[in-house]
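These are the residues of each chain, in order.
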Amino acid sequence: LGVNVSTGGLLIAMSYVAGAVGAIASGRLSDQLLSQGMATTRIRKVMQSISTLGMLAALAILIVAKLEGVLQCTVLLCGANFLHSFGNAGYFVNVIDIAPSQAGIVMGITNTMANFAGVVGNSVTGWILERYPGQWWRVWLAVMLVEGLGWLIYIFWASSTRLDQPKEITKTSV
């Protein structure tokens, strides 16, 4: 795109600001929905749907529109990060819903699996681009398929029902 490093850094920072604003907006929206009586599981699924479907839409636009302008790409990235941050009020909070006493362990395990997927994803990206040089749309399509599958699994099986058992708190003298 012909952007120098200092300008590129500012443009990328803008997308993180958009993500931060989206995270705050998603928290406010989910709190509002909860106060209006919507079920917690439904709220989590709605927020995760906004997150995943928003990212999928951005990738589809990237593939179809073949964006090449810096402004177009920046706006798309900002919009994608804004919507993707709604996952903070979806899956990420859902871990606390289902296992508040073990949330750190559950999040650690799921983040480890996500990092493993990232390592595999880099290798798959290299393989795709080596086989089909310059055809990034194939990479984005692969990402869309994996994201879409993950979203479907979450939509069908996610719950906010607590799975861990709270430990009994007893008073002890010192």
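Residues numbered from 1 in each chain as written. Predicted model: local features only at pLDDT ≥ 70, side-chain atom pairs only at ≥ 80, totals over all residues. Heavy atoms only, no water.

Enquirer: What exactly am I supposed to notice about the overall build of the protein here?
Expert: For the protein, the helix and strand inventory stands at six helices and zero strands. Put simply, the protein runs from its N terminus to its C terminus through helices and strands in the order α-α-α-α-α-α. With the C-alpha coordinates aligned to their principal axes, the bounding extent of the protein is approximately 65 × 35 × 35 Å. Within the span of the protein, comprising 174 residues, buried residues form 28% of the whole. Of all intrachain contacts in the protein linking residues separated by at least 6 positions in sequence, the fraction that spans at least 24 positions is 76%. When the accessible area of the protein is evaluated, it comes to approximately 11500 Å², of which 68% is carbon and sulfur surface. Charge-centre separation for the protein: the mean point of 10 positive side chains lies 4 Å from the mean point of 7 negative side chains. (Helix = DSSP H or I, 4+ residues; strand = E, 2+ residues; numbered from the N terminus. Buried < 20%, exposed > 50% of the residue type's maximum accessible area, 1.4 Å probe, protein only. Contact = heavy atoms within 4.5 Å. Areas by Shrake-Rupley, 256 points an atom, 1.4 Å probe, with all protein chains shown as cover. Lys, Arg positive; Asp, Glu negative; His and termini not counted. Charge placed at Lys NZ, Arg CZ, Asp CG, Glu CD.)

Enquirer: Got a minute to help me understand helix H5 (residues 103–131) in this structure?
Expert: Relative to the 42 Å expected for 29 residues at 1.5 Å per residue, H5 spans 41 Å between its end C-alpha atoms, a close match to the ideal helical length. Every buried residue of H5 is accounted for by Ala103, Met107, Ile128 and Leu129. The inward-facing, buried residues of H5 abut helix H4 (91–98) and helix H6 (136–157). (Expected span 1.5 Å × (residues − 1).)

Enquirer: Sorry if this is basic, but what is going on with helix H1 (residues 5–35) here?
Expert: In an α-helix, one turn spans 3.6 residues; hence positions three or four apart end up facing the same way. If you check H1, its first and last C-alpha atoms are 45 Å apart, about what 31 residues at 1.5 Å a residue would give, namely 45 Å. Along H1, the residues classified as buried are Leu11, Ser15, Ala18, Gly19, Gly22, Ser26, Ser30 and Leu33. Those residues of H1 that are buried lie in contact with helix H2 (40–65) and helix H3 (70–84). Two residues or fewer after H1 comes Gly37, characterised by a positive phi angle close to 100 degrees.

Enquirer: Is there a simple way to explain the nonpolar core in this structure?
Expert: Nonpolar side chains in soluble globular proteins tend to end up buried together. Membership of the largest hydrophobic core is limited to six residues, which are Met55, Ala58, Leu67, Cys73, Leu76 and Ala80. Of all the secondary structure elements, the ones that give two or more residues to this core are H2 and H3. Apart from residues lying up to four places away in sequence, Ala80 is in contact with Met55 and Ala58. In this structure, Leu33, Ile43, Met47 and Phe86 belong to the second largest nonpolar core, which totals five residues. (Core = buried A, V, L, I, M, F, W, Y, C linked by side-chain atoms within 4.5 Å.)

Enquirer: Explain the pattern of salt bridges here, please?
Expert: As a working rule, side chains carrying opposite charge can pair if their charged atoms are close by. Tallied over the entire structure, the rule returns two salt bridges. Measuring nitrogen to oxygen at the nearest pair gives 2.6 Å for the salt bridge that ties Arg44 to Asp97. A residue pair is termed long-range when its members are at least 10 positions apart, and Arg44 in helix H2 and Asp97 in helix H4 qualify at 53 residues. One salt bridge in this structure joins Asp164 and Arg162, with 2.7 Å as the shortest N-O distance. Relative accessible area serves as the criterion here: at 37%, Arg162 is assigned to the partly exposed category. (Salt bridge = Lys/Arg side-chain N within 4 Å of Asp/Glu carboxyl O.)

Read these as geometric descriptors, not functional statements.
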